[in-house]
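Secondary and tertiary structure notes
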Amino acid sequence: MSEATNTQFEPRVVGFICNWGAYSGLEMAGVMRKPYGATVRFVRVRCLGRVSTGLVLRAFELGADGVLLLGCRSEECHYGFGIGRAKQSSTQMAALLNLAGIGALRLSLVESPAGDGMLFASQVKAFAARIKKLGPSPLGSGSPVEVSWGGELLPGGDQRV
Amino acid sequence: MKKMISESRLNLCLDCGKCTAVCPVSRYDARYSPRMLVNDAVRGDESEVLQKESIWACLACGACEVTCQSGVHYSEMIRGLRGGAHELGKAGHPAHGGAMQSLMRIMAGGGMQQDRLGWLPKGAKTAATSDTLFFVGCQPYFDALFADIGVRTLSGSRGAITLLNRLGIVPAILPNERCCGHDMLWSGDIATFRKLAELNVEEIRKTGARRVVLTCPEGFQTLKHEYARYLGDTGLEVVHLLQLVAEAVSAGQLRFRRFATRVTYHDPCRLGRISRIYEEPRTILRAIPGVELVEMKHHRSTALCCGTQAWMNCGAVSKQIQAELLREAKATGAEVLITACPKCQIHLKCAMHDDRLGRELGIEIRDITAVVGRALAE
């Protein structure tokens, strides 16, 4: 919670990741030792389609600077319609984030091909870089809820689980 | 608790049960009884009462209060109980994944710079400072969230600005308007409500406005009564747009084009029973040539509630209440059901999307300000 002590802004990004194709990308990145940084804290869900607008708003309410939604491509969607549902929701989420002045740029829905560790890593790093550039969420300092984001960033930024 | 009991006048309860007889929630959920809850509040253990699920089921529609001969302020009791329960960490079941509640808390947090004026139609006249402020409400957010069920609450807002300009009023509109806080108040989250109220009053004062005009009944009731109650006298005169329009209509200042339709009008709880604004919408609708206004079986002080409050505890009971209202609307033979509340519009339109009831309940629903604004003659 204290950006003030550090001139380097470390974004807090929540990454909702679907259990199937997208998560296999994360695992593959680990196996291939492709670093994707420690900026994004992953929340694994059964299906990205269950990530509602409320959940995303809650992430921002609790102090997230960015929210990344990682799902499968439609032809690979484990439940068939899940990623389609997620795409519909994300349009709604983007509209709300723009109205609220948070900005739709702080949200991204990414389709991650199953098992593609390299692409996964680059997608995650790209979003983290975008959020770092955008700076802290405009809500950041105003959030009335104290949340511990926990965990220490290891030197070098590699995520070690 | 004792203070709440005396302020709500619970000791006057005669245990007659008429409140329960007219309660829409009780009609469809036998476990919910206003009479029993009053009993529990007066006689029961305080901590036990605050744990009860039923205190979140009340719609605060006021049907019980209008019927009670003893003058028990039931809604006051519900507010008090929810405030106490909130402090114990209890809450109702939020609908829509808690999106609305999150939004309200975000708005109370400060640091927000919204981009919410995009709905203003071309040619709308507004000013940075004015003696009148148009408090829009959460309509921009509603339309973003509920566009997929055909919700168009902003058409009411556009009708409102058209009407205000036609009345010669060039209002200020807050670029960073916060939610009025009604739902936070009714969720027992008094602290967040207070923050929202303080932020809004501060912003309103910057525009120099002495008068605030609203179209949303909840916003209207909240700014008019609750802001003064919790913040002290704000020095602001709060009026509902329909009051201004009805006055102008009665004075012959507004002319309308023909709109030949049979309509029925739904009295929203916060505008009708609670604010007693029954006549103004009817005066206005009757002034539109061609409009045939038929009343539902239950209207004015007996009007049915739209079934959901404060974006919580929405379920089968809500659906049945909505179905009852829509059936009554259809029974009038009206082509259009006119509502004066954005939330009523949302809840009723949602109910019409029910797979099984949809065909039976489908009726065109339009906001009164949208209809009246559209009907204005050149």
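The shown structure was predicted, so the numbers you read here are calculated from the model rather than taken from an experiment. (Residues numbered from 1 in each chain as written. Chains lettered and ligands numbered in written order. Predicted model: local features only at pLDDT ≥ 70, side-chain atom pairs only at ≥ 80, totals over all residues. Heavy atoms only, no water.)

**A few points about the overall build of chain B**
For chain B, the count of helices and strands is 19 helices and seven strands. In terms of overall dimensions, chain B is globule-like: its C-alpha atoms have a radius of gyration of 20 Å, near the 21 Å expected for 378 residues. The 378 residues of chain B split such that 60% are buried. Pairs at least 24 residues apart make up 79% of the contacts formed inside chain B by residues separated by at least 6 positions. (Helix = DSSP H or I, 4+ residues; strand = E, 2+ residues; numbered from the N terminus. Rg over C-alpha atoms; globule rule 2.2 N^0.38 Å. Buried < 20%, exposed > 50% of the residue type's maximum accessible area, 1.4 Å probe, protein only. Contact = heavy atoms within 4.5 Å.)

**Looking at the layout of surface pockets**
Considering only enclosed or pocket space, the largest pocket measures out at about 650 Å³ in volume. Looking at the largest pocket, it is lined by 26 residues, and the ones nearest its centre are Gln92 of chain A together with His96, Leu145, Phe146 and Asp148 of chain B. At the level of secondary structure, the elements contributing two or more residues to the lining of the largest pocket comprise helix H2 (53-61) and helix H3 (82-99) of chain A together with helix H9 (139-146) and helix H17 (342-351) of chain B. For the lining of the largest pocket, the leading source of residues is H3 of chain A, giving four residues. Along the lines of polarity and charge, the residues of the lining of the largest pocket split into twelve nonpolar, eleven polar and three charged. The space that makes up the second largest pocket amounts to roughly 530 Å³. In terms of lining, the second largest pocket is formed by 19 residues, of which the most central are Glu65, Ser75, Gln221, Arg273 and Ile274 of chain B. Of all elements in the fold, only helix H6 (63-67), helix H7 (74-87) and helix H13 (217-231) of chain B reach the threshold of two or more residues within the lining of the second largest pocket. No other element matches the four residues that H13 of chain B contributes to the lining of the second largest pocket. (1 Å grid on protein atoms, 1.4 Å probe; cavity = no way out; pocket = protein on both sides within 12 Å on 5 of 7 lines; lining within 4 Å. Points joined across faces, edges and corners; volume = space filled by probe spheres on them. Nonpolar A, V, L, I, M, F, W, Y, C, P; charged D, E, K, R; others polar.)

**Details of unusual backbone geometry**
All names here are of chain B. Not every positive phi belongs to a glycine, and Asp15 is a case in point at roughly 65°. When you line up the elements, Asp15 lands in the loop between helix H1 (2-7) and helix H2 (18-22). Even without being glycine, Asn313 reaches a positive phi, approximately 50°. Counting through the fold element by element, Asn313 comes out in the loop between strand E5 (291-293) and helix H16 (316-331).

**Focus: helix H4 (residues 117-134) of chain A**
Residue and element names in this part refer to chain A. Here H4 spans 26 Å end to end across 18 residues, near enough to the 26 Å set by a 1.5 Å rise per residue. Along H4, the residues classified as buried are Gly117, Phe120, Ala121, Gln123, Val124, Phe127, Ala128 and Ile131. Buried residues of H4 fall within an arc of 165° about the axis and therefore sit on the same side. For H4, the exposed residues set more than 90 degrees away from the buried face come down to Met118 and Lys133. The inward-facing, buried residues of H4 abut strand E1 (13-18), helix H1 (21-31), strand E2 (40-45), strand E3 (66-71) and strand E4 (107-111). Count one or two residues on from H4 and you reach Gly135, which has phi positive near 90°. (Expected span 1.5 Å × (residues − 1). Arc of directions from axis to C-beta.)

**Quick look at the interface of chain B and chain A**
Where the parts come together, the accessible area they lose is often given as the size of the interface. Contact with chain B, which involves 20 residues of that partner, is made by 18 residues of chain A. Roughly 1,500 Å² of surface becomes buried between chain B and chain A when both sides are summed, with 63% attributable to carbon and sulfur atoms. Between the two partners, chain B and chain A, sit one salt bridge. The partner of Glu61 of chain A in a salt bridge is Arg105 of chain B, with the nearest N and O atoms 2.7 Å apart. In this structure, the connection of chain B to chain A is made through five residue pairs in polar contact (both at pLDDT 80 or more). Residue assignment for the side of chain B that touches chain A shows that the elements contributing at least two residues are helix H8 (99-108) and H9 of chain B. The element contributing the most residues to the side of chain B that touches chain A is H8 of chain B, with five residues. Across the side of chain B that touches chain A, the residue classes break down as eight nonpolar, nine polar and three charged. (Buried area = accessible area lost by both parts, 1.4 Å probe. Salt bridge = Lys/Arg side-chain N within 4 Å of Asp/Glu carboxyl O. Polar contact = N/O pair within 3.5 Å; in protein donor to acceptor, adjacent residues only side chain to side chain.)

**Focus on H16 of chain B**
Residues and elements named next belong to chain B. Taking 1.5 Å as the rise per residue, H16 with 16 residues should run 22 Å; its terminal C-alpha atoms sit 22 Å apart, in good agreement. When we look at burial in H16, the residues that qualify are Ser318, Ile321, Gln322, Ala323, Glu324, Leu325, Leu326, Glu328 and Ala329. Where H16 is buried, its residues contact helix H3 (24-28), strand E4 (261-265), strand E6 (336-339), H17, helix H18 (358-361) and strand E7 (364-367). Following H16 by one or two positions, Gly333 has its phi on the positive side, about 80°.

**Description of the pattern of salt bridges**
Residue and element names in this part refer to chain B. Following the criterion strictly, the structure yields 27 salt bridges over all chains and no others. Ionic pairing is found between Glu76 and Arg229, a salt bridge with its closest N-O pair at 2.5 Å. Of the two residues, Glu76 is situated in helix H7 and Arg229 in helix H13; the sequence distance between them amounts to 153 residues. Ionic pairing is found between Arg282 and Asp267, a salt bridge with its closest N-O pair at 2.7 Å. Highlighted residues: Arg282 in helix H15 (residues 279-286) and Asp267 in the loop between E4 and H15, separated in sequence by 15 residues. Asp267 shares its class with Arg282; the two are buried. Salt bridges linked by common partners bring Glu76, Arg79, Glu226 and Arg229 together as one network.

**A short note on the sheet that holds strand E1 (residues 132-135) of chain B**
Residue and element names in this part refer to chain B. What the three strands build is an open sheet, ordered E1-E2-E3; its pairing is parallel. Two strands in the sheet have a free side with no partner beyond their single neighbour: E1 and strand E3 (237-240). Adjacent strand axes in the sheet meet at a mean angle of 25°, parallel and antiparallel pairs treated alike. (Pairing = 2+ DSSP bridges. Axes fitted to C-alpha atoms, helices over the stretch in contact; angles between N-to-C directions.)

**Some thoughts on the sheet that holds E2 of chain A**
Residue and element names in this part refer to chain A. Spatially, the four strands line up as an open sheet ordered E2-E1-E3-E4, and their pairing is parallel. Two strands close off the open sheet at either side, each with one partner strand: E2 and E4. Neighbour-to-neighbour, the strand axes of this sheet turn through a mean angle of 20°, independent of strand direction. Sheet topology places E1 next to E3; five bridges connect them, and they run parallel. Bridging from a neighbouring strand, Gly15 pairs with Leu68 of E3. Its contacts with the sheet place H1 against E1, E2 and E3, and it is angled at close to 115° to E1. Each of E1, E3 and E4 is contacted by H2, which is oriented at about 145° to E3, the strand it contacts most.

**Structural notes on the pairing of E2 of chain A**
Residue and element names in this part refer to chain A. In the sheet, E1 pairs with E2 via six bridges, with the strands oriented parallel. Note on E2: the bridge partner recorded for Val13 is Val40. Between the parallel pair E1 and E2, the chain is carried across by H1, and the sense of this crossover is right-handed. (Right-handed = clockwise from strand over helix to strand, strands pointing away.)

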